[in-house]
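Here are the chains, one letter per residue:
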Amino acid sequence: MASILVLNGPNLNLLGLREPAVYGSATLADVEKLCRAEAESLGLGLEFRQSNHEGVLVDWIQEAGERIARGELIGVVFNPGAYTHTSVALHDAIKGASVKLIELHISNVHAREPFRHHSYISPAAAGIIVGLGVQGYVVALQALARTQA
């Protein structure tokens with residue numbers, strides 16, 4: 001069974017605690033449950049990971065590229081957190097590994113502080129979902145499932 005990899009970057013382990021007025025009250029465990037239920041309904045497997053470390057995320061993206069090439073994964077849903085605005089390394093990993101990736105943000109980053117308006121990830125992403133809360137993960141999973149080759 002093909003799978004989707006959901007990656008979460010720095011501070012997403014604090015969902016439900018960190019700025020609930022911005023990010024909502026759902027925890028990362030709640031998001032994982034939501035994603036697992038949606039993946040199952042789509043007939044797909046799901047892997048769900050989070051790291052606060054940029055290099056670990058780069059490694060996982062490179063691994064995903066290899067797995068996509070082998071037909072094991074159909075793509076990646078990635079909430080890069082603050083690395084969105086700082087990481088050329090993640091951009092280069094996505095491009096270099098030829099990863100089909102949906103960039104996801106729980107909040108509408110364009111309605112927030114100006115430094116959040118620029119993404120190094122967006123030019124490398126197949127699509128971008130912002131501002132739909134944790135339901136954005138469901139939309140991203142559906143998008144990848146509908147565009148699989």
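Look up a bit, the structure's there.
About the criteria used
Every chain's residues receive numbers from 1 upward, in the order its sequence appears when written. Reporting of local features is limited, given that this is a predicted model, to residues whose pLDDT is at least 70; pairs of side-chain atoms are given and counted only at 80 or more, and all residues count toward the totals for whole chains, interfaces and linings. Neither water nor hydrogens contribute to the side-chain values; these are computed over all heavy atoms in the structure. To sort residues, take the accessible area from a 1.4 Å probe on protein chains only and compare it with the maximum for the residue type: under 20% means buried, over 50% means exposed, and anything in between is partly exposed. A run of DSSP states H or I qualifies as a helix once it reaches four residues; a run of E qualifies as a strand once it reaches two. Both are numbered from the N-terminal end. Summarising the geometry, the arc corresponds to the directions from the helix axis toward the C-beta atoms. Here a polar contact is recorded for every N or O atom pair within 3.5 Å, except that within protein the pair must consist of a potential hydrogen donor and a potential acceptor, and residues adjacent in sequence are included only if both atoms are side-chain atoms. Note on definitions: the grid is 1 Å and covers protein atoms alone; a cavity is a set of points where a 1.4 Å probe fits but cannot get out; a pocket is an open set with protein on both sides within 12 Å along at least five of seven lines; lining residues have an atom within 4 Å of a point. Grid points are joined across faces, edges and corners, and a volume is the space filled by probe spheres set on the points. For this scheme, ten residues count as nonpolar: Ala, Val, Leu, Ile, Met, Phe, Trp, Tyr, Cys and Pro. Four count as charged, namely Asp, Glu, Lys and Arg, and the remainder, Gly too, count as polar. Any two strands with at least two DSSP bridges between them are considered paired. We call a crossover right-handed when, viewed with both strands directed away from the observer, the connection leading from the first strand over the helix to the second proceeds clockwise.

Student: An account of helix α4 (residues 88-96) is requested, with residue identities and associated values reported.
Tutor: Within α4, burial applies to Leu90, His91, Ala93 and Ile94. Each buried residue of α4 sits inside an arc of 165 degrees when the element is viewed along its axis, so together they form one side. α4 presents Lys95 and Gly96 as exposed residues on the side facing more than 90 degrees away from its buried surface. Two to three positions downstream of the cap, the backbone nitrogen of Ala89 sits 3.5 Å from a side-chain oxygen, assigning the N-cap of α4 to Ser87. Looking at the residues trailing α4, positive phi occurs at Ser98, about 55 degrees.

Student: Quick one: what's the story with unusual backbone geometry, residue by residue and with numbers?
Tutor: A positive phi angle, close to 75 degrees, is found at Asn11, a residue other than glycine. Inspection of the secondary structure assignment puts Asn11 in the loop between β1 (3-8) and α1 (20-23). For Asn11, a relative accessible area of 33% gives the class partly exposed. The backbone of Ser98 sits at a positive phi, close to 55 degrees, despite the residue not being glycine. For Ser98, a relative accessible area of 57% corresponds to the exposed category.

Student: Describe the layout of surface pockets, listing the residues and the values that go with them.
Tutor: Here the largest pocket defines a volume of roughly 210 Å³. Around the largest pocket, the lining comprises 16 residues; the ones closest to its centre are Arg18, Tyr23, Gly81, Ala82 and Arg116. In terms of residue class, the lining of the largest pocket is built from seven nonpolar, six polar and three charged.

Student: Account for the pairing of strand β4 (residues 101-105), with residues named and values stated.
Tutor: Burial runs high along β4: five of the five residues are buried. A two-sided burial pattern is seen for β4, the buried positions comprising Leu101, Glu103 and His105 on one face and Ile102 and Leu104 on the other. When strand β3 (residues 73-79) meets β4, the two strands line up parallel, connected through three bridges. Paired with Val77 across the strands is Ile102, a residue of β4. In this fold, the crossover linking β3 to β4 by way of α4 has right-handed handedness. Judged from the four bridges that link them, β4 and strand β5 (residues 127-130) form a sheet pairing that is parallel.

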